[in-house]
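Geometric and topological summary
One-letter residues, chain by chain:
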Amino acid sequence: MKQRAVWSAVLVLGLAMAGCGSAAGPGSSSGGSEGKLVVWDWKSGEPSAAPYIEKAKADFASKHPDVAVEFVAQPFDQYYTLLGAAIQSGKGPDVMLFNGGGQIRDRVDALVPLDDYLAEDKQRLAGWDAFTKDGKIYAGPVTLQGHPIYYNKTLYEKAGLDPESPATTWSEFLADCAAIAKAGAKCFALGNKEGVGIQFWLSALGSGILTAAEYDDWIAGKRDWNSPAVKRVFQLWKEAGDAGLNNDGANSTAMFNDAFALFQSGKAAHVIGLMSDVGHWKDFNEFLTADKLGVMSAPVVTAGTTPSLPYDGGIGYAVAKWTKDPKVAADLVRSLTSTDALKAFYADAGAIAADTTIDVSAGGPAAATIVAEIKGGKPALHVALSSKTLDLMGRLSQQLLSGSATVDEVVKQLAASDKAG
Amino acid sequence: MPIGNAQPSVRPAQAGRTDGAVTIPSAHRGGRSRRAGGGSRAERLAPYVLVAPAILIIVLLRLYPLLLGVNFSFTGDGARNGTTVGLDNYLELFDDPLFRTALGNVGLLVLLLPVAVAIPGLLATFIYLRVPGHRIYRSVYFFPAVLSPVIVGAIFNLLLAFDGPLNAALGSVGIGSVDWLGDPDIAMFVVVGVHIWATFGMALVVFLAGFATLDSALLDAARVDGASLFQVIRHVIIPGLSRTIAFVFVTTMVGMLTSMFGLLYVMTSGGPEGSTYLPEYYIWIQQGQMNRPALASAASTALFVIMLVVGLLQVKLLRRAGRED
């Protein structure tokens, strides 16, 4: 009898241990021990990013041969959920990939300021602002992300327009759209199912609507939502929807990637796309051919404004606060942003790299135009907003398109959310 | 959640069985008192030791995290991380129109529940009554149940797109296009409709199993008396299947409240205009996208309370159905 009780106790202990063990299992791939750095990202698993990772690893190995590097590719749609859990427990990767803007700014408490470590790269790389909070840099930029307005030169020719001189003012643009509509295509390919259509709209057209002073104030955090120019952004959004410039059912069309597919298949003449990752020059080149893809500046809506390319640091690597030696981790960030590595990233993954010294002439006229405009570019307007305000703006923009909210109501709600955030 | 709620469904049957077994332990006790001695203490402890693993696992891996989560929901996010903020998160939650929409949609799901139960019930009835081709229908109806919600969502995204085949078909008979997933007034109904389409096969099988226990002599008698189809359903089939219907009600409810996430994620992403949010989706957005884990905890606690109430109501419903039987 006694023996049976003893066996039961052993069984209980064993089961309890097994339970604990399995609960602790997933943590084993995180947390860097001495001589090993763990990197989290959502890129290293893609075959197109393999040459980039190889180059960066080789560069780092030449500086720190005794430190092993492990890349852990996480699924992007779960990335910030997993990272949030890691931050909450104070244990996780040493180096991690971030999107610029709100995603990194919301989490700087868990990161090491890198100003001192990355000082040498400041001139060579662009896009630092998106990884800066309160004057401190928290990540080294890998790619630039921005919102050029792409257009389809074949459709321009079909509509009897000159594909080499797209409209420079809003009224000209509307006239071009009318001609394009006659030729049987829509003016804009718009996907607003996720609510990101309005973000692209705000950033791509903002420089032609807001005055330079208003633009800089907006980026600096002094946002006047009641100004006529800001209201004009949302007014134009609504007008474009009401006038049928967009493809039908924009609210149920996903930007990623149904809207881009509409543009690629020649059903719409313009799309506000991206510079890196997806929906960019390289994707469009494949379908429309490099010669028939153009990039235009924002049409001027408010007289006296100078349109500029809206862009920010797209993705960048940051160093976690809990890493053993921040210097070594920062060196890995430097390797991940070295010219050689970034060149591989531009060529294979289709991105505008943060290193502006890379020659992009092989990428076609669209990529060349984008890189040429980077110097005069400004941070994108929507990146300055908090994720909460962006989420709200997405929903309100859907209401504007469906007609269940007015511009004044929308601006009022956004102002309140922006103030609270 | 689903496991916890599904368990009570077997309880009434067990309760019935223990009634019959009451006499056995008393006989056993006589035997044991004869053997009373050194081993009795270990024997008395043995049951506790044997149930300990199950209890430990439940306490350590379920109840303890649950309490941690509830505790966490009383702390702040961001700058106030780790500090106690009292009921702030809950106040913010119920002040958020998006969360109220999510709760409203839970209410809508409850209201649509009879439809979700009636569809497989009716179709099972037709199969039972051997409509022409019932053998084919039996397998065809079950087919969607083997598809994952993501695949179902992707299929219907294509079918229901504004320029998709359904609108094209409507257009060819002269009906204007409907933005199925882009109109806030209908998107939720569309998603629920797709969910019902994707899951009714399981309920159908349960109904068919229920029909197997139905006394066909009753049906024949009703037919001889000249009962119409509606009268047969109303007076013979529904009373005969009351227990099956109650069970399907419970499982469908659990399914609707806990496994719509995949469909929502793929089909609408909570939109348009936030009209298809459910609490689960809200929790995911707040935790993963908005970096508000404490607020998400508060929402999880609220969802837990809702599920608890729903679960208890279901247990009651099942008990009553069992008793009627």
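Note that this is a predicted model, so its numbers are computed, not measured.

Residue and element names in this part refer to chain A. The 3 strands lie next to each other as β12-β7-β14, forming an open sheet whose pairing is antiparallel. Because the sheet does not close on itself, it has two edges, and the strands there are β12 (311-313) and β14 (352-353). As judged from the 2 bridges shared by strand β7 (residues 143-146) and β14, these two strands associate in the antiparallel manner. Looking at β14, one finds that Leu-144 is bridged to Ile-352.

Residues and elements named next belong to chain A. The terminal C-alpha atoms of helix α9 (residues 228-242) lie 20 Å apart, and with 15 residues this matches the ideal 21 Å at 1.5 Å per residue to within 8%. Within the sequence span of α9, burial applies to Ala-229, Val-230, Val-233, Phe-234, Leu-236, Trp-237, Lys-238 and Ala-240. Buried-residue contacts for α9 involve α6 (170-182), α7 (197-209), α8 (212-220), α15 (387-402) and α16 (407-420).

Considering soluble globular proteins, one finds that nonpolar side chains tend to be buried as a cluster. Counting 135 residues, the largest nonpolar core has Tyr52(A), Tyr150(A), Trp201(A), Phe234(A), Trp281(A) and Tyr317(A) as its most contacted members. Residue contributions to this core reach at least three from each of two domains, namely domain 1 (30-144 + 312-371) and domain 2 (149-308 + 385-420) of chain A.

Take the packing of helix α2 (residues 50-63) of chain A against helix α13 (residues 339-350) of chain A next. Residue and element names in this part refer to chain A. Across the interface, α2 lies against α13 with an axial gap of 8 Å and an inter-helix angle of 175°. The angle between α2 and α13 places the two elements in the roughly antiparallel class. Here α2 contributes Pro-51, Tyr-52, Lys-55 and Ala-56 to the contact with α13, which in turn contributes Asp-340, Ala-341, Leu-342, Ala-344, Phe-345 and Asp-348.

Attention shifts here to the packing of α2(A) against helix α12 (residues 326-336) of chain A. Residue and element names in this part refer to chain A. Running from amino to carboxyl end, α2 crosses α12 at an angle of 135°, the nearest separation of the two axes being 8 Å. Classified by the angle their axes make, α2 and α12 are oblique. The handedness of the crossing between α2 and α12 comes out as right-handed. For the pair formed by α2 and α12, the contact residues are Tyr-52, Ala-56, Asp-59, Phe-60 and Lys-63 on the first element and Val-328, Asp-331, Leu-332, Arg-334, Ser-335 and Leu-336 on the second.

Further remarks concern the pattern of salt bridges. All names here are of chain A. Using the criterion set out here, one finds 21 salt bridges over all chains in the structure. Across the pair Glu-120 and Arg-334 runs a salt bridge whose closest N-O atoms are separated by 3.6 Å. Here Glu-120 is found in the loop between α4 (102-105) and β4 (132-133), whereas its partner Arg-334 is found in helix α12, with 214 residues between them in sequence. Across the salt bridge formed by Asp-355 and Arg-124, the nearest N and O atoms sit 2.7 Å from each other. Within this pair, whereas Asp-355 is found in the loop between β14 and α14 (365-374), its partner Arg-124 is found in the loop between α4 and β4, the two being separated by 231 residues in sequence. You can call Asp-355 buried: its relative accessible area is 2%. Taken together, the salt bridges that share partners define one network made up of Glu-120, Asp-121, Arg-124, Arg-334 and Asp-355.

Taken as a whole, chain A shows an average pLDDT of 88; of its residues, 92% reach a score of 70 or greater. Every residue in residues 11-32 of chain A scores below 50 in pLDDT, and together they form 22 contacts with partners more than four places removed in sequence or on other chains.

Before going further, it helps to spend a moment on the environment of Asn285(A). Along the chain, Asn285(A) falls in helix α11 (residues 281-288). Sequence separation between Asn285(A) and Gly363(A) is 78 residues, and the spatial gap between their C-alpha atoms is 8.7 Å.

Another point: the interface of chain B and chain A. Each partner contributes residues to the interface: chain B has 35 residues there, and chain A has 32 residues. Across the chain B to chain A interface the summed buried area is about 2,800 Å²; carbon plus sulfur atoms make up 57%. When the area that chain B buries against chain A is broken down by residue, the three leading residues are Glu273(B), Met290(B) and Asn291(B), summing to 21%. Our count for the chain B to chain A interface comes out at 1 salt bridge. A salt bridge links Glu92(B) to Lys388(A), with the nearest nitrogen and oxygen atoms 4.0 Å apart. Our count for the contact surface shared by chain B and chain A stands at 8 residue pairs in polar contact (both at pLDDT 80 or more). Elements represented by at least two residues in the side of chain B that touches chain A include exactly α4 (40-72), α14 (261-267) and α15 (279-289) of chain B.

Residues and elements named next belong to chain A. Inspection of the secondary structure assignment puts Ser-276 in the loop between β10 (268-272) and α11. Taking the relative accessible area as the measure of exposure, Ser-276 reaches 0% and is therefore buried. One polar contact links the side chain of Ser-276 to the main-chain carbonyl oxygen of Leu-144, over a distance of 2.6 Å. Polar contacts involving the side chain of Ser-276 include one to the main-chain amide nitrogen of Ile-352, which spans 3.1 Å. If sequence neighbours within four positions are ignored, Ser-276 has contacts with Thr-143, Leu-144, Gln-145, Gly-350, Ala-351 and Ile-352.

Residues and elements named next belong to chain B. Where nonpolar side chains cluster on the molecular surface, the patch consists of Val-51, Ile-55, Ile-58, Val-59, Leu-63 and Leu-66 and spans about 470 Å² of accessible area. Position of Leu-66 among the secondary structure elements: in helix α4. When its relative accessible area of 32% is taken as the criterion, Leu-66 is described as partly exposed.

So, how was this worked out
- Sequence order sets the numbering: in each chain, residues are counted from 1 along the sequence as written.
- Labels are handed out in written order, letters beginning with A for the chains and numbers beginning with 1 for the ligands.
- In view of the model being predicted, local features appear only for residues whose pLDDT reaches at least 70, and side-chain atom pairs are presented and counted only at 80 or more, with totals across whole chains, interfaces and linings using the full set of residues.
- Computation of side-chain values: all heavy atoms of the structure, hydrogens and water removed.
- Should DSSP find at least two bridges between two strands, the strands are taken to pair.
- Helix and strand definitions here come from DSSP, where helices need a minimum of 4 consecutive H or I residues and strands a minimum of 2 consecutive E residues; each element is numbered from the N-terminal end.
- Multiplying 1.5 Å by the residue count of a helix minus one yields the expected span of that helix.
- Using a 1.4 Å probe on the protein chains alone, a residue whose accessible area is under 20% of its type maximum counts as buried, one over 50% counts as exposed, and one in between counts as partly exposed.
- The contact definition used throughout considers only heavy atoms, calling two residues in contact when any of these lie within 4.5 Å.
- For our purposes a nonpolar core is just a set of buried Ala, Val, Leu, Ile, Met, Phe, Trp, Tyr and Cys residues, chained together by side-chain atoms within 4.5 Å.
- Marked domain ranges trace back to an automatic or database domain assignment.
- Axes, fitted as lines to C-alpha atoms, cover a helix only where it is in contact. Angles between the N-to-C directions of the axes lie from 0 to 180 degrees.
- Orientation is classified from the angle alone, with under 35 degrees giving roughly parallel, over 145 giving roughly antiparallel, 65 to 115 giving roughly perpendicular, and any other angle giving oblique.
- In a left-handed crossing the near helix is turned counterclockwise from the far helix by less than a right angle, and in a right-handed crossing that turn is clockwise.
- Within this document, salt bridges are pairs made up of a side-chain nitrogen of Lys or Arg and a carboxyl oxygen of Asp or Glu, the two lying within 4 Å of each other.
- Confidence of the predictor at the level of single residues is captured by pLDDT, which takes values from 0 to 100.
- Buried area adds together the accessible area that both of two parts lose upon being put together, with accessible area traced by a 1.4 Å probe.
- Polar contacts, as counted here, are pairs of nitrogen or oxygen atoms within 3.5 Å of one another; within protein the pair requires one atom able to donate a hydrogen and one able to accept it, and residues that are adjacent in sequence qualify only if both atoms are side-chain atoms.
- Patch membership needs two things, relative accessible area over 30% and no salt bridge, and members are linked within 9 Å if like-charged or within 5 Å if nonpolar (Val, Leu, Ile, Met, Phe, Trp, Tyr).
- The accessible surface values rely on the Shrake-Rupley method and a 1.4 Å probe; as for residues, cover is taken only from the protein chains in view.

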